[in-house]
Amino acid sequence: MTDFQETLYDGYGQRFRIDRVLHEVRTEHQHLIIFENARMGRVMALDGVVQTTEADEFIYHEMLTHVPILAHGLARRVLIVGGGDGGILREVCKHRSVEQITMVEIDETVVQLCKALLPNHSSGAFEDPRLSLVIEDGMRFVADCEEKFDVIISDSTDPVGPGEVLFSENFYQACRRCLNEGGILVAQNGTPFLQLGEVQTTASRMHGLFADWHFYQAAVPTYIGGAMTFAWGACDPASRKVPLDTLTQRLAGSGIVTRYYNAHVHCGAFGLPQYVLQAIGKPSND
């Protein structure tokens, strides 16, 4: 029995006991390990950084999916960049009103291993007829893409290695170009207490690109350092101000059963700590 020590931060980290290694491999792009842990269930790490666990994945995947789709209200075409474990895809597929889902993942090995070893993440979503799965670099895809989408969800690793380009100014610009009128982009953006520089960089890149840009948050135990931020870029400023009762009606109408997300959580998630607001130069009443 050995331990997995996360390497994301220098001088601070978390440790998982490895009860059983299910698979370990160096893919074409990164080092991947999937192991079992008594507390968190099956755990996947890429290049020494934990990406997802069976125990708490629902928090991250529900918040990165239902917030933009229910805020939009009429999303028909959704693009997922990254997300090879299938969790975002599973949640998007729950929206019956979505007609077309395009998913772009750079590492096919991640998709195949997660389908086999983390089957609850996708829960059969890879078989959904609305899905078009593209194995390609996400930056290259959006740069060349001529299609338009209502919602784009960037579910990337941290901005090191294969995921680094998905935090670039070029990536956000390309995503903006690929959005329909009224479209929304959301993206994983790390934990601000330990990665405040990343939040500031994203803020500077989204400023001027979107009619409304902001961040929202959720506390995901696996991602150490407190609440995790998600970047928000909307073509219509009203998308972030959808009333509570409207969100409640939309969720009820969707028939989706959630474990973390609800309309109150949705509205409250956009309330950011003062230190984050100061870092991105926003007033507390925005």
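Residues numbered from 1 in each chain as written. Predicted model: local features only at pLDDT ≥ 70, side-chain atom pairs only at ≥ 80, totals over all residues. Heavy atoms only, no water.

Novice: Looking at this model, I keep getting lost on the sheet that holds strand β12 (residues 212-218). Mind explaining?
Specialist: The strand order β9-β8-β7-β10-β11-β13-β12 describes an open sheet built from seven strands, whose pairing is mixed. In the strand order of this sheet, the two ends are held by β9 (131-135) and β12, each with one partner. Each strand axis lies, on average, 15 degrees off the axis of its neighbour in the sheet, ignoring direction. Across seven bridges, the pairing between β12 and strand β13 (residues 228-234) is antiparallel. Bridging from a neighbouring strand, His 214 pairs with Trp 232 of β13. Packed on one face of the sheet, helix α7 (residues 192-206) meets β11 (179-188), β12 and β13 and runs near 10 degrees to β13. (Pairing = 2+ DSSP bridges. Helix = DSSP H or I, 4+ residues; strand = E, 2+ residues; numbered from the N terminus. Axes fitted to C-alpha atoms, helices over the stretch in contact; angles between N-to-C directions. Contact = heavy atoms within 4.5 Å.)

Novice: Honestly, the side chain of Ser 254 in this entry has me stumped. Any pointers?
Specialist: Its place among the elements puts Ser 254 in helix α8 (residues 244-254). A polar atom in the side chain of Ser 254 sits 3.1 Å from the backbone nitrogen of Ile 256. (Polar contact = N/O pair within 3.5 Å; in protein donor to acceptor, adjacent residues only side chain to side chain.)

Novice: When you look at the confidence of the model for the protein chain in this model, what are you seeing that I'm missing?
Specialist: Caution applies to low-pLDDT regions: their predicted coordinates should not be interpreted in detail. When the pLDDT values of the protein chain are averaged, the result is 93; 96% of them are 70 or greater. Segment residues 159-163 is flagged for pLDDT under 50; beyond a separation of four residues in sequence, or across chains, it makes eight contacts in the model. (pLDDT = per-residue confidence, 0-100.)

Novice: Where do I start with helix α3 (residues 108-117) in this structure?
Specialist: Residues spaced three or four apart along an α-helix point in a common direction, a consequence of the helix completing one turn every 3.6 residues. Every buried residue of α3 is accounted for by Val 110, Val 111, Leu 113, Cys 114 and Leu 117. Packing partners of the buried residues in α3 comprise β3 (20-26), β4 (31-37), β5 (41-46), β8 (100-105), α4 (119-122) and β9. Two to three positions downstream of the cap, the backbone nitrogen of Thr 109 sits 3.1 Å from a side-chain oxygen, assigning the N-cap of α3 to Asp 107. (Buried < 20%, exposed > 50% of the residue type's maximum accessible area, 1.4 Å probe, protein only.)

Novice: I'm lost on the packing of aromatic side chains in this one. Help?
Specialist: Here a ring pair, both rings aromatic, is described through the centre-centre distance and the interplanar angle of the planes. Tallying each qualifying case throughout the model produces 12 aromatic pairs. Judged by centre distance (5.5 Å) and plane angle (35 degrees), the rings of Phe 4 and Phe 35 are tilted. Residue Phe 4 is found in strand β1 (residues 2-5), and its partner Phe 35 is found in strand β4; the two are separated by 31 residues along the sequence. Given a relative accessible area of 0%, Phe 35 falls into the buried group. Geometrically, the ring pair formed by Trp 213 and Phe 215 is edge-to-face, given 6.3 Å between the ring centres and 85 degrees between the ring planes. Taken individually, Trp 213 and Phe 215 each receive the classification buried, so the pair is uniform in this respect. (Phe/Tyr/Trp six-rings, centres within 6.5 Å; stacked < 30°, edge-to-face > 60°.)

Novice: Would you explain the nonpolar core in this entry?
Specialist: What tends to happen in soluble globular proteins is that the nonpolar side chains get buried as a cluster. Counting residues in each nonpolar core, the largest one holds 43 residues, and the members touching the most others are Leu 89, Val 92, Tyr 216 and Trp 232. The element that contributes the greatest number of residues to this core is helix α1 (residues 57-72), accounting for nine residues. If you look at the next biggest cluster of nonpolar residues, it comprises 30 residues, including Val 81, Ala 174, Phe 210 and Val 276. (Core = buried A, V, L, I, M, F, W, Y, C linked by side-chain atoms within 4.5 Å.)

Novice: I'm lost on the pattern of salt bridges in this one. Help?
Specialist: Side-chain pairing between opposite charges can occur once the charged atoms of the two side chains come close. For the structure on display, the rule yields 13 salt bridges. We note a salt bridge from Arg 20 to Glu 36, for which the minimum N-O separation is 3.2 Å. Of the two residues, Arg 20 is situated in strand β3 and Glu 36 in strand β4; the sequence distance between them amounts to 16 residues. Of the residues examined, Arg 20 reaches a relative accessible area of 46% and is grouped as partly exposed. (Salt bridge = Lys/Arg side-chain N within 4 Å of Asp/Glu carboxyl O.)

Novice: Is there a simple way to explain a nonpolar patch on the surface in this structure?
Specialist: A cluster of nonpolar side chains, Tyr 12, Phe 193, Leu 194 and Tyr 275, forms an exposed patch at the surface whose accessible area comes to about 420 Å². Tyr 275 sits in the partly exposed class, given a relative accessible area of 36%. (Patch = residues over 30% accessible without salt bridge, like charges linked within 9 Å, V, L, I, M, F, W, Y side chains within 5 Å. Areas by Shrake-Rupley, 256 points an atom, 1.4 Å probe, with all protein chains shown as cover.)

Novice: Teacher, can you tell me more about the pairing of strand β6 (residues 49-53) here?
Specialist: Consecutive residues of a regular strand have side chains that alternate between opposite faces of the sheet. Summarising burial for β6: five of the five residues are buried, a large majority. Where β5 lies against β6, four bridges are found, and the strand directions are antiparallel. Directly across from Ala 45, in β6, lies its bridge partner Val 50. Hairpin connection of β5 to β6: two residues between the antiparallel strands, including Asp 47 at a positive phi of 50 degrees.

Novice: So what exactly am I meant to see when it comes to the packing of α1 against α8 here?
Specialist: Helix packing geometry: the angle between the two helix axes and the distance between the axes. Across the interface, α1 lies against α8 with an axial gap of 10 Å and an inter-helix angle of 105 degrees. Relative to α8, the element α1 lies roughly perpendicular. Of the residues in α8, those in contact with Leu 70, Ala 71 and His 72 of α1 are Leu 247, Arg 250 and Leu 251. A per-class count over the contact of α1 with α8 returns four nonpolar, one polar and one charged. (Parallel < 35°, antiparallel > 145°, perpendicular 65-115°, else oblique. Nonpolar A, V, L, I, M, F, W, Y, C, P; charged D, E, K, R; others polar.)

Novice: Mind showing me how you'd approach the state of the cysteines here?
Specialist: Note on terminology: a disulfide is the covalent bond linking the sulfur atoms of two cysteines. Applying the stated criterion across every chain, the model contains zero disulfides. You can see Cys 114 has no disulfide; the closest cysteine sulfur is in Cys 93, sitting 16 Å from it. Judged by its relative accessible area of 0%, Cys 114 falls in the buried class. Summary of cysteine pairing: Cys 235 is not part of a disulfide, and the nearest cysteine sulfur, belonging to Cys 175, is at 11 Å. (Disulfide = S-S within 2.5 Å.)

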